[in-house]
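Structural overview for review
Spelled out, the chains give:
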Amino acid sequence: MPSRKIAAFTPYFTEDEAGQVRAAFLAAGHLEGDASVSDFIVRATLHEVKRLQRKHNQGRKWDPAPPGSLRRGQRTMDELQHRKEGD
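Remember, predicted model here, so these are calculated numbers, not experimental data.

With that settled, the discussion passes to the pattern of salt bridges. For the structure on display, the rule yields two salt bridges. In this structure, Arg 43 engages Asp 34 in a salt bridge whose closest nitrogen and oxygen atoms are separated by 2.7 Å. Note on Arg 43: relative accessible area 35%, which makes it partly exposed. Residue Arg 51 is joined to Glu 48 by a salt bridge in which the shortest nitrogen-to-oxygen separation is 2.6 Å. With Arg 51 and Glu 48 both in helix 2 (residues 37-56) and three residues apart, the pair spans about one turn of that helix. The class for Arg 51 is partly exposed, based on a relative accessible area of 34%. Overall, the relative accessible area of 31% leaves Glu 48 in the partly exposed class.

Below, the discussion takes up helix 1 (residues 15-32). Helix length check: helix 1 (18 residues) gives 24 Å between terminal C-alpha atoms against 26 Å at 1.5 Å per residue, within 8%. Of all the bends in helix 1, the greatest, near 45°, is centred on Leu 26. The elements touched by buried residues of helix 1 are helix 2. One or two positions beyond helix 1, positive phi appears at Gly 33, with a value near 90°.

So, about unusual backbone geometry. One non-glycine residue, Gln 58, adopts positive backbone phi at about 50°. Inspection of the secondary structure puts Gln 58 in the loop between helix 2 and helix 3 (77-82). Gln 58 sits in the exposed class, given a relative accessible area of 59%.

Two numbers describe how helix 1 lies on helix 2: the axes approach to 10 Å, and their chain directions differ by 85°. Taken together, the axis directions place helix 1 and helix 2 in an arrangement best described as roughly perpendicular. Where helix 1 approaches helix 2, its residues Val 21, Ala 24, Phe 25 and Glu 32 are matched on the opposing element by Val 37, Phe 40, Ile 41 and Arg 43. Residue composition of the contact of helix 1 with helix 2, grouped by class: six nonpolar, no polar and two charged.

A few words on the side chain of Asn 57. Structurally, the position occupied by Asn 57 is in the loop between helix 2 and helix 3. Of the residues examined, Asn 57 reaches a relative accessible area of 12% and is grouped as buried. Polar side-chain contacts of Asn 57 include one of 2.8 Å to the backbone oxygen of Arg 60. Only 3.5 Å separates the side chain of Asn 57 from the backbone oxygen of Lys 61, close enough to count as a polar contact. Apart from the residues lying within four places of it in its own chain, the contact partners of Asn 57 are Leu 52 and Trp 62.

Thresholds, definitions, all that
Starting from 1, residues in each chain are numbered consecutively following that chain's sequence as written. Only residues with pLDDT of 70 or above have their local features reported here, since the model is predicted, and side-chain atom pairs are shown and tallied only from 80 upward, although totals for entire chains, interfaces and linings are computed over all residues. To get the side-chain values, take all heavy atoms of the structure and skip hydrogens and water. Any Lys or Arg side-chain nitrogen located within 4 Å of an Asp or Glu carboxyl oxygen qualifies as a salt bridge. Think of it in three bands: with a 1.4 Å probe and only protein chains considered, a residue is buried below 20% of the maximum accessible area for its type, exposed above 50%, and partly exposed in between. We count a stretch as a helix when DSSP gives it H or I for four or more residues in a row; a strand needs E for two or more, and each element gets its number in order from the N terminus. In this analysis, the expected span of each helix is defined as 1.5 Å times one less than the number of residues it contains. To get the bend at a given residue, fit one axis to the seven residues ending there, fit another to the seven starting there, and take the angle between those axes. Note on contacts: a residue pair qualifies if any of its non-hydrogen atoms lie within 4.5 Å across the two residues. Note on definitions: angles span 0 to 180 degrees between N-to-C directions of axes, and those axes are lines fitted to C-alpha atoms, for helices only across the stretch in contact. Our angle categories are set so that under 35 degrees counts as roughly parallel, over 145 as roughly antiparallel, 65 to 115 as roughly perpendicular, and the remainder as oblique. The nonpolar class holds Ala, Val, Leu, Ile, Met, Phe, Trp, Tyr, Cys and Pro. Asp, Glu, Lys and Arg form the charged class, and all remaining residues, Gly among them, are polar. Here a polar contact is recorded for every N or O atom pair within 3.5 Å, except that within protein the pair must consist of a potential hydrogen donor and a potential acceptor, and residues adjacent in sequence are included only if both atoms are side-chain atoms.

Below you can see the structure in the form of structure tokens.
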């Protein structure tokens, strides 16, 4: 049985991105079943994880990455300029 313990992440959004996240949640979150903006962000993130699994891992789940294995902090200005944007 998978663990139901909550693991915390802190995504960093630009002001414009944060404004769009809030607006999307306020406009459609209730229609999609999201009780909070956190629910909205989790659902959207897991949707993207599944897309990446299909594209890069033959649709299979990856082995979980343990806490502490990720880089911390915000993106650098160079990373912001070269990030792939979704449409």
